[in-house]
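Summary of structural features
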Amino acid sequence: MSNKREISEITDNIELKNKTKIQKCDSENLSDINEFLKWLNENGSNMENIHLEYLTPFNRYAVLNKDLKAGEVIASIPQSLIITQEIAEDSIIGQTISKYLENQPNEVKDLTLSGRIYLCSFLIYEKYETREKSPFSRYLWTLPEEYDDPLWWTEEQIQLELDETNLSYYIKERRDLLKSEYNVIEEACKNTDLFKSSNALTWENFLWAYSSIYSRGFPSRATRTKKNNDSNDKDHNEDNSNKKPTIKDMIKVKSTENFSIGNPEVEKCNFCLWPGIDMLNHRRGQKITWKVENGMVHFITDEDLEAGKECFNNYGPKGNEEFLMGYGFCIENNPDDYCRVKVNTGMDPLVDRKSKILVKLDNIFLLHFLHSKEILVEKKLSDKLLNMVRILVMNEWELINYEKKINAIEDDQLPEARKTLIKEKISLRNEVVMLTTLKHLLETKENKIVNSRRINIKKYPKIKPNPMATIYREGQLKLLRGARILAENMLKDILNDDKIVRIEKILNDETLAEILPKANVEIEWDEESLFMFYLMINRNNTNFKNLLGEDKSVEQKIIEQYTSDGIDELNEIFQQYFEPNYTQLNKNICKENLYWAATIIDIYSFIVQCHILNEDVQFFGLFI
């Protein structure tokens, strides 16, 4: 099993790692778990405090043999038993792959950055080709032959259980990437005799090796020991100046993982395998510590444990997406669960300018997380998510004013200013558009999962439902629904704001009600023309007169910019509705004010059309 918790950073100690010579195995009963435990103890491990019990031959769990106090060691293994990427690289198959990669283009070399190619090929070679001659055979042959993670599922199972979820897209990308990595190994070994006797280099065995690593692997930094000369990196580098560069040195290391399940902005870390200790199952919040000392890795409890009870590891706070993909299980009502939501920019012609603002706000990453604690416990939406959508839905007027605001902040003041800016609303119109857009994004994702599930149940009636997939899927829907309801509640509160000008408010305006019937002809008004009529007669109202700024020359330029393409249409509206019927009744009813009113509507209006908390809401309004 894997423990990817944050563990103290300690650097490599090659001397200690190779001190103990591993005893080889006999060819009898390689998969016998009791022989494996015996092999562990013979090679310096201390597993006396635990024994294994079974649900199935490969579904086993560790049980404590005696009571343990906090601070006591549960189990220990020597570093010499740990399978690392370095061991895999130094092996005959690792060297074969490195030699092959020397003459390959960078796009092929990039496939080795994760270290999977080396570890996967090493496990296949050691298990199937070297067999009992391998020092690790006792361990490798006790690993499950198959795994429960979705990479092992059929296409029909994936479609039934995961269609339209984040994992459905991830699985395809991951399979394609793994097949590319497998092809590198296949090409590297094609003209060799490495797998001559076993013919074990197959896609199925590569997938077995991958799942073994990712369901059981530990971060390699957890097994390193502080070097004496780490304090002087310069001297250390000079001592190795004549050392031949490795493949890793030849390739520019990427800082993020393209296919990360959790947060893509993760620390790069290779995996290693800890025989024996990796059999412990996960329990959230289990208090444990790893300690590396004198060539041994100790698994220590930080709380009192009772004999006869299962002994757990702690894989760290992970969402069900990570648990299902990495280990094949999920936790019901997982308090660490999350749902990833990606905000799209579409074909927005203003996206480059908006992106520059997001960079200044340190909020450029389009992938956001709906965390269970925030959505279901604290009942709030992430400030960063709201801020990003606010900026992405800005119209040009809002963008111009926000650019002035943020560009006026000095660089040294920006870190502190971000704390306020990330929470600030931009305008009433912008807030309504942001929440409407966010609600639509969440609702669309939610409906896709629900509808595809309904269709696929009818399409695949004979496939037995996977209970772990059900837990994952329902958890995603719970977060999406929770976030959508939060957005709807925020939207409902805003739509009750008195500053919103709706058609009802216009029709109840006393000045308009007095002027409207005075025309000598019957006019069929459309909604937008009535809005322009209302704005014109209220041109000098303090709520409206400076909506385009106090500088009249700037205001005129803005009006010309917004009305230039539709000036003929506006003139036609003026002639149809206002001239000569109303121009003599109110001095504010003139072409210039009509152009101004049309600009105000263009900048401050929005059509609300959505379903909010079981109620259909649809209206055109001015959000001043």
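Before reading on, note that the structure itself is shown above.
The notes below deal with the structure included here. (Residues numbered from 1 in each chain as written. Predicted model: local features only at pLDDT ≥ 70, side-chain atom pairs only at ≥ 80, totals over all residues. Heavy atoms only, no water.)

Let us now look at the sheet that holds strand β7 (residues 288–293). With antiparallel pairing, the three strands of this open sheet are ordered in space as β3-β8-β7. The open sheet is flanked by β3 (73–78) and β7, the only strands paired with a single partner. Strand-to-strand twist in this sheet, taken as the mean axis angle between neighbours without regard to direction, amounts to 20°. Two strands pair when backbone bridges link them, and β3 and strand β8 (residues 296–301) are joined in this way by five bridges, in the antiparallel orientation. Bridging from a neighbouring strand, S76 pairs with H298 of β8. (Pairing = 2+ DSSP bridges. Helix = DSSP H or I, 4+ residues; strand = E, 2+ residues; numbered from the N terminus. Axes fitted to C-alpha atoms, helices over the stretch in contact; angles between N-to-C directions.)

Time to look at the pattern of salt bridges. Should the charged atoms of two oppositely charged side chains come close, the side chains can pair. If you walk through the whole model with that rule in mind, you get 29 salt bridges. Residue E145 is joined to K127 by a salt bridge in which the shortest nitrogen-to-oxygen separation is 3.1 Å. Taken together, the residues span a long stretch of sequence, with E145 in the loop between α7 (137–140) and α8 (155–162) and K127 in helix α6 (residues 116–130) at a distance of 18 residues. Take E145: its relative accessible area is 36%, and that puts it in the partly exposed class. (Salt bridge = Lys/Arg side-chain N within 4 Å of Asp/Glu carboxyl O. Buried < 20%, exposed > 50% of the residue type's maximum accessible area, 1.4 Å probe, protein only.)

A word on the environment of L479. Examined against the element boundaries, L479 turns out to sit in helix α20 (residues 467–494). The class for L479 is buried, based on a relative accessible area of 1%. Filtering out sequence-adjacent residues up to four positions away, L479 remains in contact with D337, Y338, C339, L370, H371, S372, I375 and L376. (Contact = heavy atoms within 4.5 Å.)

Backbone geometry follows two general trends: most residues other than glycine have a negative phi, and most peptide bonds adopt the trans configuration. The step from E579 to P580 runs through a cis peptide bond, and the omega angle for that step is 10°. Tracing the chain through its elements places P580 in the loop between α25 (567–578) and α26 (591–604). Unlike most non-glycine residues, R131 shows phi in positive territory, near 50°. With respect to the helices and strands, the residue R131 is situated in the loop between α6 and α7. Taking the relative accessible area as the measure of exposure, R131 reaches 35% and is therefore partly exposed.

Residues V359, I364 and F365 make up a contiguous nonpolar surface patch of roughly 250 Å² in combined accessible area. Position of V359 relative to the elements: it lies in helix α14 (residues 351–360). By relative accessible area, V359 is classed as exposed at 52%. (Patch = residues over 30% accessible without salt bridge, like charges linked within 9 Å, V, L, I, M, F, W, Y side chains within 5 Å. Areas by Shrake-Rupley, 256 points an atom, 1.4 Å probe, with all protein chains shown as cover.)

Now for helix α18 (residues 414–421). Among all positions in α18, only L414, A417 and L421 are buried. What you see down the axis of α18 is that its buried residues fit within an arc of 60°, all on one side. In α18, the exposed positions that point more than 90 degrees away from the buried face belong to E416 and K419. Buried residues along α18 sit against α14, α16 (383–392) and α17 (396–407). (Arc of directions from axis to C-beta.)

Summed over the entire model, instances satisfying the criterion amount to 33 aromatic pairs. Ring geometry for Y327 against F329: centres 5.8 Å apart, planes inclined by 35°, an arrangement best described as tilted. Relative accessible area serves as the criterion here: at 11%, Y327 is assigned to the buried category. Aromatic side chains W525 and Y577 sit 4.9 Å apart centroid to centroid with 20° between the ring planes, which places their arrangement in the stacked category. Of this pair, W525 sits in the loop between α22 (510–515) and α23 (527–537) while Y577 sits in helix α25, and the two are 52 residues apart along the sequence. A relative accessible area of 5% places Y577 in the buried class. Grouped by ring-pair contacts, the aromatic residues W525, F533, F574, Y577, F578 and Y582 constitute a single cluster. Geometry around W141 places K127 over its ring, the cationic atom sitting 4.7 Å from the centre. (Phe/Tyr/Trp six-rings, centres within 6.5 Å; stacked < 30°, edge-to-face > 60°. Lys NZ or Arg CZ within 6 Å of the ring centre and 35° of its normal.)

So, on to the environment of V341. Relative to the helices and strands, V341 resides in strand β10 (residues 338–342). When the C-alpha positions of V341 and L442 are compared, they lie 8.0 Å apart, and in sequence the two are 101 residues distant.

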